[in-house]
Every structure is written in structure tokens, then in C-alpha cells.
Amino acid sequence: MLPQFQQHTDGLKMIYLKSDTGQMVPLSAVAKLEENAGPQSIQHSGQLPSVTISFSLRPGTSLGQATSEIEDAAKASLAR
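Everything quoted here is computed from the prediction, not taken from an experiment.

Detailed conclusions should not be drawn from predicted coordinates in areas where pLDDT is low. Mean pLDDT for the chain: 88, with 99% of residues reaching 70 or above. Within the chain, strand 2 (residues 24-26) carries the highest mean pLDDT (94), whereas helix 1 (residues 63-78) carries the lowest (91).

This is the structure:
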């Protein structure tokens, strides 16, 4: 979509998709469009969304120990 149409949700009304039969169908026929608050941008690593985690080490804690604990917490969180 051209940048001038990306500023407002009205630009979504101009998007049409090709159906299995080749007919053009408005996006609104297959999706419910709803305005809501959200991030203005999402960081990516290649084509996948990514996040950056920053942390400080407790005195006496090695970087390897901290990394291991963070990975364990992530695995436990994603396993839910």
C-alpha cells in the first residue's frame, strides 16, 4: 500500500483480494476491521518479530548463569 494510504484505516477499504473464482472481493468481506491502540512499529529479525531483553547482573553472578536462568524462564513461559 502506498505510504499516503497507510496513515488512516480508511485505506483498508481500498484493499481487494482475488477469490478462488478470480473475482475481486473487498477485504471487509473476509475480515472484521477494528480500530484499537497498538504499537507503531514491531522489531523484526529477518521476517520474524523479535524482542530485546536487557538486564544487569547481581554481584557475583556470571553472565552464563544469568543467561541460563533467562532461557529456563522463557522455556517455562512458552510451554504454557
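Inspection of every chain in the model, using the stated rule, returns two salt bridges. Here Asp10 ties to Lys13 by a salt bridge, and the two come within 3.8 Å at their closest N and O atoms. Taking relative accessible area as the criterion, Lys13 reaches 60% and is therefore assigned exposed. Residues Lys32 and Glu34 are paired through a salt bridge, measuring 3.8 Å at the closest nitrogen-oxygen approach. For Lys32, a relative accessible area of 73% puts it in the exposed group.

So, about a nonpolar patch on the surface. Nonpolar side chains collect at one region of the surface, where Met1, Leu2, Phe5, Leu12, Met14 and Leu33 lie side by side and expose about 550 Å² of accessible area between them. For Leu33, the position within the fold is in the loop between strand 2 and strand 3 (44-45).

Definitions and cut-offs
Residues numbered from 1 in each chain as written. Predicted model: local features only at pLDDT ≥ 70, side-chain atom pairs only at ≥ 80, totals over all residues. Heavy atoms only, no water. pLDDT = per-residue confidence, 0-100. Helix = DSSP H or I, 4+ residues; strand = E, 2+ residues; numbered from the N terminus. Salt bridge = Lys/Arg side-chain N within 4 Å of Asp/Glu carboxyl O. Buried < 20%, exposed > 50% of the residue type's maximum accessible area, 1.4 Å probe, protein only. Patch = residues over 30% accessible without salt bridge, like charges linked within 9 Å, V, L, I, M, F, W, Y side chains within 5 Å. Areas by Shrake-Rupley, 256 points an atom, 1.4 Å probe, with all protein chains shown as cover.

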